[in-house]
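Single-letter residue listing:
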Amino acid sequence: MELLLRRLLLSKKYYAFLLIIMSALSVHGQELSYCGTEGLDVEWETYLRENKGVMTRSFNDDIYVAITVHVVGEDDGIGYHPLSTILKSLEGLNEDFKASRIQFYLAGPFNYINNSAYYEHSSFGTGAQMMNEHNVANTINCYIVNDANGNCGYRSFNGDAIALSKSCTQANDHTWAHEMGHWLSLPHTFSGWEGTDYNLDEETPTNVGSKLVEKVSRDNCTSAADRLCDTSPDYLSFRWGCDENNEYPDSLRDPDGVKFAVDGSLFMSYAFDDCQSRFSDGQIEKMQMYANNWVPEVVSDDPPQEEIDPGQTKLLYPINGEVVEDKIELRWEEQGNATFYVVEVSQISNMALLSLRELVYGTKLEVFGLSPDKDYYWRVRPLNDYHFDYDKRTETENFKTGELSSTEEYYAENLKIYPNPISRASSIYINLKSSISEDMMLDIFSLDGKPVIRKSYYLQNGLNQLEIDASSLTAGIYILRGKGELHNFRKKIVIE
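This structure is a prediction, so every number in the text was calculated from the model and none was measured.

Visitor: Which residues make up the side chain of Ser269, and what are the values?
Guide: Topologically, Ser269 is positioned in the loop between strand E13 (259-260) and helix H8 (281-294). Among the polar contacts made by the side chain of Ser269, one reaches the main-chain amide nitrogen of Ala271 at a distance of 3.2 Å. With residues near it in sequence (within four places) discarded, Ser269 still touches Tyr34, His178, Thr189, Phe190, Asp234, Asp263, Gly264 and Gln276.

Visitor: How would you summarise helix H7 (residues 175-183) if you had to cite specific residues and measurements?
Guide: Most of H7 is tucked away: nine of the nine residues are buried. What H7 keeps buried is the set Thr175, Trp176, Ala177, His178, Glu179, Met180, Gly181, His182 and Trp183. Just past H7, the residue Ser185 takes up positive phi, approximately 95 degrees.

Visitor: Just give me the short version of the packing of aromatic side chains, but keep the residues and values in it.
Guide: Within the structure shown, the criterion is met by 24 aromatic pairs. Geometrically, the ring pair formed by Tyr64 and Tyr386 is edge-to-face, given 5.6 Å between the ring centres and 65 degrees between the ring planes. Of the two residues, Tyr64 is situated in strand E2 (residues 63-73) and Tyr386 in the loop between strand E20 (375-383) and strand E21 (397-401); the sequence distance between them amounts to 322 residues. Take Tyr386: its relative accessible area is 11%, and that puts it in the buried class. One aromatic cluster is present, built from ring pairs that chain together Trp44, Tyr47, Trp183, Tyr290 and Trp294. Its guanidinium or amino end placed over the ring of Tyr418, Lys416 lies 5.1 Å from that ring's centre, counting from NZ or CZ.

Visitor: A description of the state of the cysteines should follow, citing residues and the corresponding values.
Guide: Following the criterion strictly, the structure yields three disulfides and no others. The partner cysteine of Cys221 in its disulfide is Cys229, sulfur to sulfur 1.8 Å. The sign of the 75 degrees torsion about the S-S bond sets the Cys221-Cys229 disulfide as right-handed. Between the sulfur atoms of Cys242 and its disulfide mate Cys275 the distance is 2.2 Å. Here Cys242 and Cys275 share a disulfide; its torsion about the S-S bond, -100 degrees, makes the bridge left-handed. Here Cys242, found in the loop between strand E11 (211-212) and strand E12 (252-253), pairs with Cys275, found in the loop between E13 and H8; they are 33 residues apart in sequence, far enough to count as distant. The exposure classification of Cys242 matches that of Cys275, with both residues buried. Between Cys35, a cysteine without a disulfide, and Cys152, which holds the nearest cysteine sulfur, the sulfur-to-sulfur distance is 9.0 Å.

Calculation notes
Residues numbered from 1 in each chain as written. Predicted model: local features only at pLDDT ≥ 70, side-chain atom pairs only at ≥ 80, totals over all residues. Heavy atoms only, no water. Helix = DSSP H or I, 4+ residues; strand = E, 2+ residues; numbered from the N terminus. Polar contact = N/O pair within 3.5 Å; in protein donor to acceptor, adjacent residues only side chain to side chain. Contact = heavy atoms within 4.5 Å. Buried < 20%, exposed > 50% of the residue type's maximum accessible area, 1.4 Å probe, protein only. Phe/Tyr/Trp six-rings, centres within 6.5 Å; stacked < 30°, edge-to-face > 60°. Lys NZ or Arg CZ within 6 Å of the ring centre and 35° of its normal. Disulfide = S-S within 2.5 Å.

Listed below in structure tokens is the structure:
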């Protein structure tokens, strides 16, 4: 990267491009390396050479691949990647793979893991331990962490899972597609140059280490770099911005001295996300071969679920401004091809600031902690394991809360949360009188529905005194939710 910046500074015509690069560095958080995946699967590459053209399915068939998403937080549940961002990223992943006729579906619910060592792991060994402990068989396991050993992402060395850093797993990023390409056997387009800087001022060698350097003539395209002949030579092992032609803004020279431009559109390059848009035909064929022939256990033979029509999901209760005096239980009609629903509640009609966002398997949700004598609005996003279009949602309905319900009256007498407001350096104390013994989960959510703290407790029959360290929370308004077999409540807390 330093070499690139030096050359750009020498050329006035690239001044605007330099500004773009500096902006992208800020946006993309380049303290993280882009990818920690290197090398080729030798056994698979040998199989591929010996069985070229062998397919168990037609290239015209869509391939549906099972994935398990593991959402990692700290020991106390802080730091989960937001639900809405994960779903939008999954939608983007399938869009990136659409032309390849490969689509990914959820093999099961999200798996939330509380482990600070995994959340910010600084070695591949710790990452491997996380994967060995939590991997689900016959799926591609995807772990979303805060720091994936200093990388935006990587495929594990034994090839059974990928890790993704939160900052690089946003709605418009292609890191997930890049690492999924690795899982499906693709190397970098610049394979062999990992850890080696290309020098524009020196002659290009014929080999980097033990690997051949690919030529423009394609004379060695089946044995050099990514071993694919429809991807242009690429020697750039750092993140880079593209010009108006979607190419690296300076010419490289191959070992024969032939100048060429590096294609920034390929997901398996290190071009910035706004440059990337595709896999080549050769890459697509290789991924399909890998999925169908090498790891058929992750490919589903069942027909996929149909897309969701949110207009078919009717909100049932409460609607039309109805006053709810007692228990607040939101209910809606089941959508035949929906697997789960994201329920959102707000005091603002445009839903700009949420009081609640919750993922529900079923068609009802009991809501706690809403204020009495207030207007509320709610809607539902029906989704399924194959389709993650987060923009599809029902129309918004509204209701009004009346006086405190009997449930609220119970907690008014038996639940005390103090101090409230509280200092950022303090703890939140919860006194709860229980009539049974049970396990309870306490969650603290930001107002946009993002979980920031999770703690589990065992309640005894009688008075329970619980404590949550709030020192990690920034100033603002949060929702404290308690959830057990008997006890369910939501309370607003303020951090000063």
